[in-house]
Amino acid sequence: MNGRGTQGARRLWILLALLGLGFLAPGLLAPWIAPHDPFALDLALSLAPPSAAYPLGHDEQGAGIFSRLIYGARISLMVGLAAVTVSAVIGVLLGLVAGYLGGWVDLFLMRLVDVFLAFPGLLLAIALVAVMGPGLTNVIIALSALGWTAFARLARGQVLAVRAEEHVLAAQALGAGAWRVMLRHILPNILAPLLVQASFAIAAAILAEATLSFLGLGAPPGTPSWGAMLSDGKHVLLEAPHVSIPPGAAIMGVVLAFNMLGDTLGDLLDPKRKR
Amino acid sequence: MDGYSPMIRRLEIAMGTTRGTTPVMRRWLDRRTGCAPVLALVLLLFLPGGLWAASDPDELVVMLEAAPKTLDPVYATDAYGVRIAQQLIFEPLVQLGDDLTIVPALAERWERTSPTGYRFYLARKARFHDGSPVEAADVVYTLESLMDPVVASPYGPALRDKIAAVRAVDAHTVDFELKAPFAAFLSELTIPIRSRHAGKDRPLLGSGPFRFERRSPNEIVLVRNPDFHRGPAGVERIVFKVVKDENTRVLKLRKGSIDLAINALPLDKVAQFRQGKLGERFTVLEAPGLSYQYLGFNLQDPILSNPLVRRAIAHAIDVDTLITHRQKGHSQRATGLLPPGSPFELSGAESPPYDPALAASLLDEAGYAAINGSRFKISYKTSTDRSAVIQARVIQNDLRKVGIEMIVRSYEWGTFYEDIQKGNFQLFSLRWVGVSDPDFYYELFHSSRHPPHGRNRVRYANPRLDRLLEEGRTALDEGQRRRIYYEVQRILARDLPYISLWHNNNIAVVSKALTGFRLHPTGGFHYLPRVRKTGP
């Protein structure tokens, strides 16, 4: 391995460790890690500053911010992974079909993608959630309805490049069906850029969920979503900045980490890319 | 020195170090004396204009939270529209007094001529703003036009239900004939009287203490009517300023560009106007009001139709803590719809006390045993208003302690209100304002008043209560009426279609430059004509 590879690999491990410890673990293990019940309110402790038992203090309703932050990771994680999984499955399948079959199928699917991309993404998500009603499931649906386009376009482009390669021709010559060629011979060869795209997409989905919740269109009131916590803190920003800083920092940290992860993965997986 | 304020210098430094600044620009900025006037000018442009708005002793500036849709009394239904029309531009026959009794306005006095007949004697000196006298024919015109289905006034249906005829006896005497005896009739006559000569092009020609001058999206200006029959108002002009954002409202008031704000501040921002520097400039008046905050149940819901469940929920909610911490003590615990001090209020009535243990045992009794700490799920609808959402979350937290999983759904106001009217809800909390006569119980709980015919949104139906409410409408003897409504209150306290939460106090922040202002129980503008302003 050359120097660039090891350096990139080290960065990758550091990022994975950070995300694992700082985001995945709290998200998955929230009920065991959180020191307090994130839903328990005590109005008498409204806006109480950080203390030993409550390291980040209380919000306006008197709920412990630290515990809510930990549970918030769970929501971001869930929405990020779910929205990206759904988008990726739909997008990659359609991209494969478009790229492999070509012709009017390709034309139709890509124009459909164009139509979706013509809308400003967040605005469309807001409109969708407004129509379907607020709630995390609807947020996931709205984000997936937008997210698949990026995957479809990327997959199609990669398929076009791989389609003409000899191992694909060989498989076709041996009489393999279209699905078999697409899934067994093409898909494994286009996974790397899709993985990079997925990492960016998770960052974008987490940010979008926070935005929608901030606007009151995401999780129902009371759910410890980072966006909603940020929105709660907005009204008391001057008196009690300790309410809004932690969720704000958490959103920034996680989104930044996923974006850097995407970059690092891109560097490592793409042999042609120079740093 | 050259008169630099630290602020200007900071701004300059910030600009000078901006990465994009060209060397030429930087040199220009470095010439301090040269750029000072420019920067000062820039600052002047951005400073709020109110800082220079000289406080005009002839002008009373009153803050509104929202712009009224219309001031035309035929169609105005929102609180500000009704108040400005009814109390300032126009004058009704009678008004609600400080002690919740009916007091004279355009009508100097009145008498009941039969169980269904009323005779009103108009003030002889009363004039419309165009100089024409206010006469019985104007009263007839006002009522008849409101009752005309073609006019489609929102007040039409209720008046048509009750009034058989309105007749002018002479120029200053008018007779009302009702279809049936109706005890609360006088409280329905706070309708602004309009001139029969005004026509369509002068809808705001009134006879009140102020004339309409102009309005823009964020401002309404009224000027004094010097010929008002009970003496001219204390100030030359009233300017209503609409400030939609609550933080901006606080800032504007602090800055001094507003003289008076009634119920327009967030409750946690009131205290600052009582202390320190602000306390020297403002007086905070606070008095019990006519609003009633309640929690409504959908009585057609399979779970909530069970009175044991409703009682359990009433015991599970810690209302006093909500009042202390969310209402900041600016509310009084309510035992029923009627405001404290109403002659019809059942004395000694108590709300179910906070008792989670009792709530849990009531739920067990109702057949909802806790499985893994959870008994059942219900949804609670609310608007997106921040305080309403926080209140919902606190109630959610209280109910969770007794094993009820409550999901809070917050909707944009239009959607929320439509759902409530349609009966598409399990639990919700709203507020009735301006409740004074107990006949309102009829509108809220009589079985004939289920939407869309009335406001019995919880869909309560009880033949015995129906009968009492009908008797209460027609009973003209005060004592008998009281006894009826005492019984109504007992039944409702037992059946709990609503859980009473609190009555909000009226809170006015009044500039010390004003004299003569008093809080009316409705929180309305009744006392603005008496206000005088002494200097800035």
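Nothing here was measured: the structure is a model prediction, and the numbers come from that model. (Residues numbered from 1 in each chain as written. Chains lettered and ligands numbered in written order. Predicted model: local features only at pLDDT ≥ 70, side-chain atom pairs only at ≥ 80, totals over all residues. Heavy atoms only, no water.)

(A) Examining unusual backbone geometry more closely. Cis geometry marks the peptide bond from Pro451(B) to Pro452(B); its omega dihedral reads 10°. Mapping Pro452(B) onto the fold places it in the loop between helix H14 (440-445) and helix H15 (463-474). Of note, Leu47(A) is a non-glycine position whose phi angle comes to about 60°, a positive value. Tracing the sequence through the fold places Leu47(A) in the loop between helix H1 (3-33) and helix H2 (65-101). Judged by relative accessible area, which is 23%, Leu47(A) ranks as partly exposed. (Helix = DSSP H or I, 4+ residues; strand = E, 2+ residues; numbered from the N terminus. Buried < 20%, exposed > 50% of the residue type's maximum accessible area, 1.4 Å probe, protein only.)

(B) Inspection of the interface of chain B and chain A at higher detail. Between chain B and chain A, the contact holds 17 residues from the first and 17 residues from the second. Buried area between chain B and chain A, both sides added, is near 1,600 Å², and the carbon and sulfur share of it is 52%. Of all residues in chain B, the largest losses of buried area upon contact with chain A belong to Arg386(B), Arg393(B) and Arg400(B), amounting jointly to 38% of the total for that side. Our count for the contact surface shared by chain B and chain A stands at 5 salt bridges. A salt bridge links Glu60(A) to Arg386(B); the shortest N-O distance between them is 2.5 Å. The tally of links from chain B across to chain A stands at 7 residue pairs in polar contact (both at pLDDT 80 or more). Elements with a minimum of two residues in the side of chain B that touches chain A: helix H10 (319-325), helix H12 (386-401) and strand E16 (404-410) of chain B. Per-element tally for the side of chain B that touches chain A: the top contributor is H12(B), with 8 residues. Partitioning the side of chain B that touches chain A into residue classes produces 6 nonpolar, 5 polar and 6 charged. (Contact = heavy atoms within 4.5 Å. Buried area = accessible area lost by both parts, 1.4 Å probe. Salt bridge = Lys/Arg side-chain N within 4 Å of Asp/Glu carboxyl O. Polar contact = N/O pair within 3.5 Å; in protein donor to acceptor, adjacent residues only side chain to side chain. Nonpolar A, V, L, I, M, F, W, Y, C, P; charged D, E, K, R; others polar.)

(C) Geometry of the environment of Arg455(B). All names here are of chain B. Along the chain, Arg455 falls in the loop between H14 and H15. The spacing of Arg455 and Leu444 is 11 residues in sequence and 5.2 Å in space, taken between C-alpha atoms. Setting aside its immediate chain neighbours within four residues, Arg455 contacts Trp432, Phe440, Glu443, Leu444 and Arg449.

(D) Quick look at the domain arrangement of chain B. All names here are of chain B. Domain annotation of chain B identifies domain 1 (11-87 + 205-257 + 513-533), domain 2 (93-189) and domain 3 (291-504). Using only C-alpha atoms to locate each centre, domain 2 and domain 3 end up separated by 34 Å. Between domain 2 and domain 3, the residue contacts involve 10 residues of the former and 11 residues of the latter. Between domain 2 and domain 3 the total buried area reaches about 870 Å² when both faces are included, carbon and sulfur atoms providing 67% of it. In this assembly, domain 2 and domain 3 are joined by 0 salt bridges. Looking at the side of domain 2 that touches domain 3, its residues break down into 7 nonpolar, 1 polar and 2 charged. (Domains from an automatic or database assignment.)

(E) Representation of helix H4 (residues 79-89) of chain B in the model. Residue and element names in this part refer to chain B. With 9 of 11 residues buried, H4 lies mostly within the body of the structure. Among the residues of H4, Tyr80, Gly81, Arg83, Ile84, Ala85, Gln86, Gln87, Leu88 and Ile89 are the ones counted as buried. Against strand E1 (59-64), strand E2 (94-96), strand E8 (210-216), strand E9 (219-224), strand E10 (237-242) and strand E11 (260-262) lie the buried residues of H4.

(F) Local environment of the pattern of salt bridges. Following the criterion strictly, the structure yields 36 salt bridges over all chains and no others. The salt bridge involving Arg153(A) is made with Asp114(A); its shortest N-O contact spans 2.4 Å. Of the two residues, Arg153(A) is situated in helix H5 (residues 136-163) and Asp114(A) in helix H3 (residues 103-118); the sequence distance between them amounts to 39 residues. Classification of Arg153(A) by relative accessible area gives partly exposed; the value is 39%. Taking relative accessible area as the criterion, Asp114(A) reaches 28% and is therefore assigned partly exposed. Between Glu59(B) and Arg237(B) there is a salt bridge; the shortest N-O distance is 3.0 Å. With Glu59(B) in strand E1 and Arg237(B) in strand E10, this residue pair connects regions lying 178 residues apart in the sequence. Look at Arg237(B) and you get partly exposed, because its relative accessible area is 22%. In this structure, a network of salt bridges that share partners links the residues Glu60(A), Arg326(B) and Arg386(B).

(G) Molecular detail of the pairing of strand E4 (residues 107-114) of chain B. Residues and elements named next belong to chain B. Across 6 bridges, E4 lies against strand E5 (residues 117-122) in antiparallel orientation. Among the inter-strand pairings, Trp110 is bridged to a residue of E5, identified as Phe120. Where E4 folds back onto E5 in an antiparallel hairpin, the turn is made up of 2 residues. (Pairing = 2+ DSSP bridges.)

(H) Representation of the sheet that holds strand E7 (residues 173-178) of chain B. All names here are of chain B. If you walk across this open sheet you meet the 4 strands as E4-E5-E7-E6, and the pairing is antiparallel. Each edge of the sheet is formed by a strand with only one pairing partner; in this case those strands are E4 and strand E6 (163-170). Taken pair by pair, the neighbouring strands of this sheet meet at an average axis angle of 20°, ignoring direction. Packed onto the sheet, helix H5 (residues 136-147) meets E5, E6 and E7 and runs at close to 165° relative to E6. (Axes fitted to C-alpha atoms, helices over the stretch in contact; angles between N-to-C directions.)

(I) Representation of the packing of helix H9 (residues 307-316) of chain B against helix H11 (residues 356-365) of chain B within the structure. Residues and elements named next belong to chain B. Running from N to C, H9 and H11 cross one another at 165°; their axes reach a closest spacing of 8 Å. What the angle tells us is that H9 and H11 run roughly antiparallel. Classified by chirality, the crossing of H11 by H9 is left-handed. Between H9, through Leu308, Val309, Arg311, Ala312, His315 and Ala316, and H11, the contact on the second element is made entirely by Pro356, Leu358, Ala359, Leu362, Leu363 and Glu365. Taken together, the residues that form the contact of H9 with H11 break down as 9 nonpolar, 1 polar and 2 charged. (Parallel < 35°, antiparallel > 145°, perpendicular 65-115°, else oblique. Left-handed = near helix turned anticlockwise from the far one by under 90°.)

(J) Highlighting H12(B). Residue and element names in this part refer to chain B. Counted at 1.5 Å a residue, the expected span for H12 with its 16 residues is 22 Å, and the 23 Å between its end C-alpha atoms agrees. Regarding H12, its N-cap is Asp385, as a side-chain oxygen of that residue lies 3.3 Å from the backbone nitrogen of Ser387 further along. Phi for Gly403, located one or two positions after H12, is positive at around 90°. (Expected span 1.5 Å × (residues − 1).)

(K) Up close: a nonpolar patch on the surface. Residues and elements named next belong to chain A. Together, Leu24, Leu28, Leu29, Trp32 and Ile33 make up an exposed nonpolar region whose accessible area comes to about 530 Å². Tracing the backbone shows Ile33 in helix H1. The partly exposed category is assigned to Ile33, whose relative accessible area is 40%. (Patch = residues over 30% accessible without salt bridge, like charges linked within 9 Å, V, L, I, M, F, W, Y side chains within 5 Å. Areas by Shrake-Rupley, 256 points an atom, 1.4 Å probe, with all protein chains shown as cover.)

(L) Representation of the packing of aromatic side chains. Residue and element names in this part refer to chain B. Under the defined criterion, the tally for this structure stands at 27 aromatic pairs over all chains. Over the ring of Tyr121 we find Arg109, and its NZ or CZ is 3.9 Å from the ring centre. Between Arg473 and the ring centre of Tyr442, over which it is positioned, the NZ or CZ distance is 3.8 Å. (Phe/Tyr/Trp six-rings, centres within 6.5 Å; stacked < 30°, edge-to-face > 60°. Lys NZ or Arg CZ within 6 Å of the ring centre and 35° of its normal.)

(M) Region of interest: the packing of helix H6 (residues 166-173) of chain A against helix H7 (residues 178-214) of chain A. Residues and elements named next belong to chain A. The geometry of H6 relative to H7 is characterised by a closest axis approach of 10 Å and an angle of 175° between their N-to-C directions. Regarding the angle of H6 to H7, the classification is roughly antiparallel. Counting all contacts with H6, which are made through His167, Val168, Ala171 and Gln172, the residues of H7 involved are Val181, His185, Ile186 and Asn189. Tallied by class, the residues present in the contact of H6 with H7 amount to 4 nonpolar, 4 polar and no charged.

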